[in-house]
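If you want the building blocks of each chain, they are given just below.
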Amino acid sequence: MFEEIARLISESDRFLIVTHVNPDGDAVGSSLGLHLSLAEMGKTSFLVFESKPPELFSFLTGIDEILVDADLSELRPNIIISVDAADENRIVPGIRKLRPHTKLINIDHHPTNPSFGDINLVSASANSTSSLIFEIVKATGHRPSYNASKALFTGLVTDTGCFRFEGVNSSTFRLAAQMCESGIDSYQITQYLFEEHPIQRLALEKHVLNRLELLLDGKLALSVLFNSDFEEAGASLSDGENLVNKLRETRGVEVGVLMTKISDDFTRVSLRSKGNLDVSAIAAKFGGGGHRRAAGIKSGLDFRSLKDQIISSIKDEIK
Ligand SMILES: [Mn+2]
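Here the structure is a predicted model, which is why all the values come from computation and not from measurement.

Asks: I'm lost on the overall build of the protein in this one. Help?
Replies: The helix and strand inventory of the protein stands at 12 helices and 12 strands. Relative to the 2.2 N^0.38 estimate, which gives 20 Å for 319 residues, the radius of gyration of the protein is 20 Å and therefore close to what a compact globule would have. For the protein, the spread of C-alpha atoms along the three principal axes comes to 55 × 40 × 40 Å. The buried share among the 319 residues of the protein stands at 51%. Counting contacts in the protein only where the partners sit at least 6 residues apart, residues at least 24 apart contribute 64% of the total. Approximately 14500 Å² of the protein is accessible, and the part contributed by carbon and sulfur atoms is 48%. Once the 34 positive and 43 negative side-chain charges of the protein are each reduced to a mean point, those two points are 4 Å apart.

Below is the structure:
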């Protein structure tokens, strides 16, 4: 499949790259790494996001080339490439008009991805979509550049939690080593990503810890954030990204759940597990999805009742 995609890339010259809404490090890294590589190969590439990428990634070269709210039909791509999006409904809606006459390549590592593309590279064993992009770029015969490697390494370190998450193995480190051979400074990148949080995040973290509930004999650590916390702190939703990881970092805790009540009829839930519990299966019960150890839900259910239902689903699964 790598070769087939590499061949399609070599044969085409006008690309539209898209990824999922609320882009994380892997969405930004994989899409930007691919975009930069295509440009280096002399091709025309458009990278379109639904909204501005998070400020956190402003250290990446080329980030200002991301188009927001572009009129996609004017871009006239030969090929659309979707990266890191588990679901077609999570990418810019404008591509629907292009779909009937434009081939879509779907590159992703979410196990729930239904292979919605015309050509699909969905590899649940890949640590990140950025890893898949790195392999594809190499398969075209192009050597991933310093700037592309910086973006792809960003995707790899964020999706592996700095090489801590399950699924990290010798191939992960070999790939990381190849990325570093382009001359990128891994220390500097991880500093930008993990040690330059805005002060607003600390204010949110204070609320998360204050409201922490240890349930199910200490196996479930649950906390909540409200829209007012973000307003009070002057924080954006992305400032609260990954605060849920904190909840899992305690001995005995198997599942961390952070519920963010955004409005009366909209709640975002992040779930993280470190035991055997598959949180993507729990998320799926509420219309969400993700990976075995990291999943999310967006729900219109009443906050209190959603919370009770999530706790009882986890209780049923933990045993
Ligand atoms: Mn990813």
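Asks: What exactly am I supposed to notice about the environment of Ile 262 here?
Replies: As for its position among the elements, Ile 262 is in strand β9 (residues 255–263). Overall, Ile 262 belongs to the buried group, its relative accessible area being 18%. Apart from the residues within four sequence positions on either side, Ile 262 is in contact with Asn 227, Leu 237, Thr 267 and Arg 268.

Asks: Explain the domain arrangement of the protein here, please?
Replies: By a frequent convention, interface size equals the accessible area lost on bringing the separate parts together. Looking at the assigned domains, one finds that the protein contains domain 1 (2–194) and domain 2 (199–318). Distance from the C-alpha centre of domain 1 to the C-alpha centre of domain 2: 27 Å. Taken together, the 11 residues of domain 1 in the interface contact 9 residues of domain 2. Summed over both partners, the interface of domain 1 with domain 2 comes to about 720 Å²; 42% of that surface belongs to carbon and sulfur atoms. Contact with domain 2 buries area across many residues of domain 1, yet Asn 22, Phe 165 and Glu 166 alone supply 45% of it, more than any other trio. For the interface between domain 1 and domain 2, the tally reads 2 salt bridges. Of the charged contacts in the structure, one is a salt bridge between Arg 292 and Glu 166, with a shortest N-O distance of 3.2 Å.

Asks: Please explain the coordination of the manganese ion as it appears in this structure.
Replies: Four donors placed tetrahedrally about a metal ideally form angles of 109.5 degrees, and six donors placed octahedrally ideally form angles of 90 or 180 degrees. Within the protein, the manganese ion binds to Asp 26 (OD), Asp 84 (OD), His 109 (NE2) and Asp 159 (OD); these donor distances fall in the range 2.2 to 2.3 Å. For the manganese ion, all donor residues lie on one chain, and their spacing in sequence is D-x57-D-x24-H-x49-D. Placement of Asp 84 in the loop between β4 (79–83) and α3 (95–98) and of Asp 159 in helix α5 (residues 146–159) is noted, with a sequence separation of 75 residues between them. Given a relative accessible area of 0%, Asp 84 falls into the buried group.

Asks: Even after reading the chapter, I still don't get the state of the cysteines, so can you show me in this structure?
Replies: Put plainly, a disulfide is one covalent bond tying together the sulfur atoms of two cysteines. Applying the stated criterion to the full structure yields 0 disulfides. Of the cysteine sulfurs around Cys 162, a residue in no disulfide, the closest is that of Cys 180, at 12 Å. For Cys 162, a relative accessible area of 31% corresponds to the partly exposed category. On the accessibility criterion, Cys 180 (29% relative accessible area) is partly exposed.

Asks: Help me understand the sheet that holds strand β12 (residues 294–299), please; the structure alone is not making it clear to me.
Replies: Strand-to-strand pairing in sheets goes through backbone hydrogen bonds, with the strands running parallel or antiparallel. Overall, mixed pairing links the 6 strands, which are arranged β7-β8-β9-β10-β12-β11 in an open sheet. Edge strands, defined here as strands with exactly one partner in the open sheet, are β7 (213–215) and β11 (289–290). Taken together, the 7 bridges between strand β8 (residues 220–226) and β9 define a ladder with parallel strand orientation. Considered in β9, the bridge of Ser 223 is made with Leu 258. Packing against the sheet, helix α12 (residues 303–318) makes contact with β7, β8, β9, β10 (266–273) and β12, and its axis sits at approximately 165° to β9.

Asks: Would you mind showing me how to read the sheet that holds strand β1 (residues 14–19) here?
Replies: One open sheet holds the 6 strands; their spatial order is β3-β2-β1-β4-β5-β6, and the pairing between them is parallel. Across the chains shown, the open sheet's two edge strands, defined by having one partner strand only, are β3 (67–68) and β6 (119–122). Bridge count for β4 against strand β5 (residues 103–108) is 5 bridges, and the pairing is parallel. The partner of Val 83 across the bridge, within β5, is Ile 107.

Asks: Help me understand the nonpolar core in this model?
Replies: What tends to happen in soluble globular proteins is that the nonpolar side chains get buried as a cluster. Ile 5, Ile 9, Leu 34, Ile 81, Ile 105, Ile 107 and Met 179 are the most contacted members of the largest nonpolar core, which totals 42 residues. Ranked by residues supplied to this core, first place goes to α5 with 6 residues. Apart from residues no more than four positions distant in its own chain, Ile 9 is found in contact with Phe 15, Leu 34, Leu 38, Met 41, Lys 43, Ile 81, Ile 136 and Thr 140. Ranked by size, the runner-up nonpolar core spans 21 residues in total, among them Leu 220, Val 255, Val 257 and Ile 310.

Asks: What is the right way to look at the packing of helix α4 (residues 129–139) against α5 in this model?
Replies: Helix-helix packing is characterised by the crossing angle of the two axes and by the distance between the axes. The geometry of α4 relative to α5 is characterised by a closest axis approach of 7 Å and an angle of 145° between their N-to-C directions. Listed contacts from α5 to Ser 130, Ser 131, Ile 133 and Phe 134 of α4 are Ser 149, Leu 152, Gly 155 and Leu 156. Its residues placed into classes, the contact of α4 with α5 shows 4 nonpolar, 4 polar and no charged.

Each value, and the rule that gives it
- Residues numbered from 1 in each chain as written.
- Predicted model: local features only at pLDDT ≥ 70, side-chain atom pairs only at ≥ 80, totals over all residues.
- Heavy atoms only, no water.
- Helix = DSSP H or I, 4+ residues; strand = E, 2+ residues; numbered from the N terminus.
- Rg over C-alpha atoms; globule rule 2.2 N^0.38 Å.
- Buried < 20%, exposed > 50% of the residue type's maximum accessible area, 1.4 Å probe, protein only.
- Contact = heavy atoms within 4.5 Å.
- Areas by Shrake-Rupley, 256 points an atom, 1.4 Å probe, with all protein chains shown as cover.
- Lys, Arg positive; Asp, Glu negative; His and termini not counted.
- Charge placed at Lys NZ, Arg CZ, Asp CG, Glu CD.
- Domains from an automatic or database assignment.
- Buried area = accessible area lost by both parts, 1.4 Å probe.
- Salt bridge = Lys/Arg side-chain N within 4 Å of Asp/Glu carboxyl O.
- Donors = N, O, S within 2.8 Å, 3.2 Å for Na, K, Ca; no water.
- Disulfide = S-S within 2.5 Å.
- Pairing = 2+ DSSP bridges.
- Axes fitted to C-alpha atoms, helices over the stretch in contact; angles between N-to-C directions.
- Core = buried A, V, L, I, M, F, W, Y, C linked by side-chain atoms within 4.5 Å.
- Nonpolar A, V, L, I, M, F, W, Y, C, P; charged D, E, K, R; others polar.

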